[in-house]
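A look at the structure
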Amino acid sequence: KNTNTGENILIDDNFKIKSLSRDYGILTGYYEPEIRVSRTRTSNYSIPILKYNKKFKGMKRSLINEEFDNSDVLLWTNDIIDFFFLQIQGSGVGTFENGEKTKILYSENNNLKYTSIGNVLIKKKYMDKKKVNLFSIKKFLRENSDKVNNILNENDRYIFFKLNTSKKDSPVGAFGINLVPNVSIAVDKKYYPLGIPILYKEEKSKTYKPSFAMDTGSAIKGKNRADLFTGNGKDAETRAGLLKKKLLLYVLIPYID
């Protein structure tokens, strides 16, 4: 699958290439966002970042926002929209006003169904389907603050976090090791075993790109569906936010004659 004959031989002699479906799926992107945080609640920092408590299992987002106690709070943040997208991405970096940083890592969820607010905005005719992406959604929410809570509460799924003081490591995926930017993908493990090497091909592209199945996601369902980890920071956010390509996945299954 590569113009380099040597690499072709390496793959052909050591792997069986398996496609689960010839129907195109979708490749999207995810990233590690940065969010402003505080250890204490203030008039500015009043949005709670919560750790998991079993009392939240099965509780809707709107109710969690009313029922939490101070003992459930890890940190406070100043932006409900940035916090919501931290929950969508699953982990991130918290930055204090003095410049100190901390890793905010996925811990648990409330075990309720994920609903895409992009689909909600389309259904309510607030946005055109062709124009929906990370940035257009954020722009709409910031320009319509009176609608924010109702729209976000359409997604009952709520993500809880834990802290890690390490600043160097990238997030750890569902496979249990650190994600590698532009190599690690999230897949539906019902079809693709975690840890397996995968070649992916975007529609109209002649290039087959290497990746590893290292993560999962509540919105990543089905064959030929993947989410590419793009890294952290604004550039990673831009790449992830605009990434939406038709996709085919080819599993590389190691074997020995």
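Below, the structure is looked at part by part. (Residues numbered from 1 in each chain as written. Predicted model: local features only at pLDDT ≥ 70, side-chain atom pairs only at ≥ 80, totals over all residues. Heavy atoms only, no water.)

1. A short note on the packing of helix H3 (residues 80-89) against helix H5 (residues 134-143)
- Contact pair H3 / H5: the axes reach a minimum separation of 10 Å and the direction vectors enclose 145 degrees. The chirality of how H3 crosses H5 is right-handed. Contacts between H3 and H5 involve Ile 81, Asp 82 and Phe 85 from the former and Leu 134, Ile 137, Lys 138, Leu 141 and Arg 142 from the latter.
- Across the contact of H3 with H5, the residue classes break down as five nonpolar, no polar and three charged. (Axes fitted to C-alpha atoms, helices over the stretch in contact; angles between N-to-C directions. Helix = DSSP H or I, 4+ residues; strand = E, 2+ residues; numbered from the N terminus. Left-handed = near helix turned anticlockwise from the far one by under 90°. Contact = heavy atoms within 4.5 Å. Nonpolar A, V, L, I, M, F, W, Y, C, P; charged D, E, K, R; others polar.)

2. Regarding the sheet that holds strand E4 (residues 47-50)
- Ordered in space as E4-E5-E3-E6-E7-E8, the six strands form an open sheet in which the pairing is mixed. Edge positions in the open sheet fall to E4 and strand E8 (159-164), since each of these has one partner strand only. Along the sheet, successive strands turn relative to each other by an average axial angle of 45 degrees, direction set aside.
- Here E4 pairs with strand E5 (residues 73-77) via four bridges, running antiparallel. Bridged to Ile 49 within E5 is Leu 75. (Pairing = 2+ DSSP bridges.)

3. Comments concerning H3
- Here H3 lies mainly inside the structure; seven of its 10 residues are buried.
- Turning to H3, its buried residues number three or more, namely Ile 81, Phe 83, Phe 84, Phe 85, Leu 86, Gln 87 and Gln 89.
- Once H3 finishes, Gly 90 follows within two positions and takes phi at roughly 100 degrees, a positive value. (Buried < 20%, exposed > 50% of the residue type's maximum accessible area, 1.4 Å probe, protein only.)

4. What about the nonpolar core?
- Counting 21 residues, the largest nonpolar core has Leu 50, Phe 83 and Ile 104 as the members making the most contacts within it.
- Secondary structure elements with two or more residues in this core: strand E3 (34-38), E4, E5, H3 and E8.
- The residues contacting Phe 83, other than those within four sequence positions of it, are Ile 35, Ile 47, Pro 48, Ile 49, Thr 77, Tyr 158 and Phe 161.
- One finds Ile 117, Val 132, Leu 134 and Ile 151 within the second-largest nonpolar core, a separate group that totals 17 residues. (Core = buried A, V, L, I, M, F, W, Y, C linked by side-chain atoms within 4.5 Å.)

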